[in-house]
Amino acid sequence: MKKIVAAMLMTAGLVACSSTKGPADETRGWPIERLYGEARDELNSGNYTRAVRLYETLEARFPYGRYAQQAQMDLAYAHYKDKESQMALAACDRFIKLHPAHANLDYIYYLKGLIHFNEDESLLTRWTGQDLSERDPRAGREAFQAFGELIKRFPDSQYADDARKKMIILVDALAANEMHVARYYMKRKAYLAAANRAQAAIREFSNTPYVEEALALMATAYTELDLKPLADDSRRVLAQNYPNSRYLKTPWVYQDMPWYQFWR
C-alpha cells in the first residue's frame, strides 16, 4: 500500500512540474531565416500580434545583422497595424537611435509621421459633434515634425511627395484648431487670450485661409480691450491684405457675424 501511495505522489509531482513549465516554444531551434520568414508571413496575412511575437523572438536570439535590422523595422510597422501606436513610435525612435545612417531611415521617419498622422483622426476628419478647443493637436504637430524631418534629410525619398501632401493637410487642420480655440475664448470674453491665439495662427500658419479671420478677430478683441492702437493696426493689415474682406463692413469688424452676435 505504501508503495502505491509513493508512486501516486511521484506521478502527481511529475505532472505538477510539467504543468509549471508552460507550453513548449514551437520556434525553438529555428534558424534565423525560418524565423524571419514566418514573421513576415504573419505580417502579410494580417496576424499582427503573432508577427510581433516572432519579430521580438528573432531580435532576442539574433540581435545583430541584416535580419535583426529588418525585423526592427517590421516590428514598428506590425505595432502600427496592430493599433499599438505608442509601441510603434517607441520602435521607430529606437531604430533611429541604433541605426542613424541606415539606408531605409527615410521609411522610418515616414512611418513615424504616419503613426502620428492617424493617431487622432478627430483632428483631421471628425470636425462635428465635439468642441475642437478640447482636442489636443499634439499628434498633428508631431506628424508635421516627422514629415518635415523626412523631407529635410531625404528630399528625393520615395515617401517625400506623400509626406508633403500630408503636411499641407496638417497645416490647414492645425490652423483651424488655433482659430477654433480663439473663437472659444471670444465666446467667453477672454479677449486677450483670443487675440494671442489668433496671432499664433498668423505667425505659424501664414499661408492658410485663416489669416483673414485671425486679423479680424484681433481687431475686435483689441477693441473690446480698449487697446485702440493695436486694434487699428490689425484692421489696417486686414484692409491692406484683404481689401474686399467681409470683416471690414463695420467699424467693429466682427460684429456683423451672426455667431458673434449670438455670443454677445
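Residues numbered from 1 in each chain as written. Predicted model: local features only at pLDDT ≥ 70, side-chain atom pairs only at ≥ 80, totals over all residues. Heavy atoms only, no water.

Asks: Teacher, can you tell me more about the packing of helix α3 (residues 48-61) against helix α4 (residues 66-81) here?
Replies: Helix-helix packing is described using two parameters, namely the angle between the two axes and the distance between the axes. Interhelical geometry of α3 versus α4 gives an angle of 155 degrees and a closest axis separation of 9 Å. Classified by the angle their axes make, α3 and α4 are roughly antiparallel. Of the two elements, α3 crosses α4, and the hand of that crossing is left-handed. In contact with Tyr-48, Val-52, Tyr-55, Glu-56, Leu-58 and Glu-59 of α3, α4 contributes Tyr-67, Ala-68, Ala-71, Gln-72, Asp-74, Leu-75, Ala-78, His-79 and Lys-81. Residue classes in the contact of α3 with α4 are distributed as 9 nonpolar, 2 polar and 4 charged. (Axes fitted to C-alpha atoms, helices over the stretch in contact; angles between N-to-C directions. Helix = DSSP H or I, 4+ residues; strand = E, 2+ residues; numbered from the N terminus. Parallel < 35°, antiparallel > 145°, perpendicular 65-115°, else oblique. Left-handed = near helix turned anticlockwise from the far one by under 90°. Contact = heavy atoms within 4.5 Å. Nonpolar A, V, L, I, M, F, W, Y, C, P; charged D, E, K, R; others polar.)

Asks: Sorry, what's going on with the packing of aromatic side chains here?
Replies: Between two aromatic rings, the relevant description is the distance of the centres plus the angle of the planes. In the structure shown here, the tally under the stated rule is 8 aromatic pairs. Here the aromatic rings of Tyr-77 and Tyr-80 are separated by 6.2 Å at their centres, their planes lie at 55 degrees, and the arrangement is tilted. Taken together, the residues Tyr-77 and Tyr-80, both in helix α4 and 3 residues apart, mark about one turn of the helix. On the basis of relative accessibility, which here comes to 29%, the residue Tyr-77 falls in the partly exposed class. Among the aromatic residues, those joined into a ring-pair cluster are Tyr-107, Tyr-110, Phe-117, Phe-147 and Tyr-159. One residue, Arg-66, lies across the ring of Tyr-67, its end atom 4.5 Å from the ring centre. Sitting above the plane of the Tyr-184 ring, Arg-188 keeps its charged end 3.9 Å from the centroid. (Phe/Tyr/Trp six-rings, centres within 6.5 Å; stacked < 30°, edge-to-face > 60°. Buried < 20%, exposed > 50% of the residue type's maximum accessible area, 1.4 Å probe, protein only. Lys NZ or Arg CZ within 6 Å of the ring centre and 35° of its normal.)

Asks: Explain the environment of Ala-139 to me, please; I cannot follow it from the model alone.
Replies: Locating Ala-139 in the fold gives a position in helix α8 (residues 138-153). A relative accessible area of 5% means that Ala-139 is categorised as buried. For the pair Ala-139 and Asn-118, spaced 21 residues apart in sequence, the C-alpha to C-alpha distance is 8.4 Å.

Asks: Just to check I follow, could you spell out the pattern of salt bridges for this structure?
Replies: Side chains carrying opposite charge are able to pair once their charged atoms draw close together. Counted according to the given criterion, the structure contains 14 salt bridges. Between Glu-213 and Arg-183 there is a salt bridge, and its shortest N-O distance comes to 2.7 Å. You can see Glu-213 sitting in helix α11 (residues 211-224) and its partner Arg-183 sitting in helix α9 (residues 160-187), a full 30 residues away along the chain. Residue class for Glu-213 comes out buried when judged on its relative accessible area of 10%. The structure contains a network of salt bridges with shared partners spanning Arg-141, Glu-178, Arg-197, Arg-203 and Glu-204. (Salt bridge = Lys/Arg side-chain N within 4 Å of Asp/Glu carboxyl O.)

Asks: Looking at this structure, I do not really get the confidence of the model for the chain. What am I missing?
Replies: Detailed reading of the predicted coordinates is not advisable wherever pLDDT falls low. Here the chain shows a mean pLDDT of 85. Residues at 70 or above account for 79%. In the predicted structure, residues 5-10 sits below a pLDDT of 50 and forms 0 contacts with residues beyond four places in sequence or in another chain. Confidence over residues 14-20 falls short of pLDDT 50; this stretch has 0 contacts with residues more than four positions distant or in other chains. (pLDDT = per-residue confidence, 0-100.)

Asks: Looking at this model, I keep getting lost on the side chain of Ser-245. Mind explaining?
Replies: Its location among the elements puts Ser-245 in the loop between α12 (228-241) and α13 (258-263). Overall, Ser-245 belongs to the buried group, its relative accessible area being 6%. Side-chain polar atoms of Ser-245 contact the side chain of Glu-212, separated by 2.6 Å. Among the polar contacts made by the side chain of Ser-245, one reaches the main-chain amide nitrogen of Tyr-247 at a distance of 3.1 Å. In contact with Ser-245, other than residues within four places in its own chain, are Glu-212 and Leu-238. (Polar contact = N/O pair within 3.5 Å; in protein donor to acceptor, adjacent residues only side chain to side chain.)

Asks: Is there a simple way to think about the nonpolar core in this case?
Replies: Buried together is how nonpolar side chains tend to be arranged in soluble globular proteins. Counting 25 residues, the largest nonpolar core has Ile-108 and Phe-147 as its most contacted members. Among the secondary structure elements, those contributing two or more residues to this core are α4, α5 (85-98), α6 (105-119), α8 and α9. The element best represented in this core is α6, accounting for 9 residues. Setting aside anything within four residues of it in sequence, one finds Ile-108 in contact with Met-73, Cys-92, Phe-95 and Ile-96. Ranked by size, the runner-up nonpolar core spans 15 residues in total, among them Leu-35, Tyr-36, Leu-54 and Leu-75. (Core = buried A, V, L, I, M, F, W, Y, C linked by side-chain atoms within 4.5 Å.)

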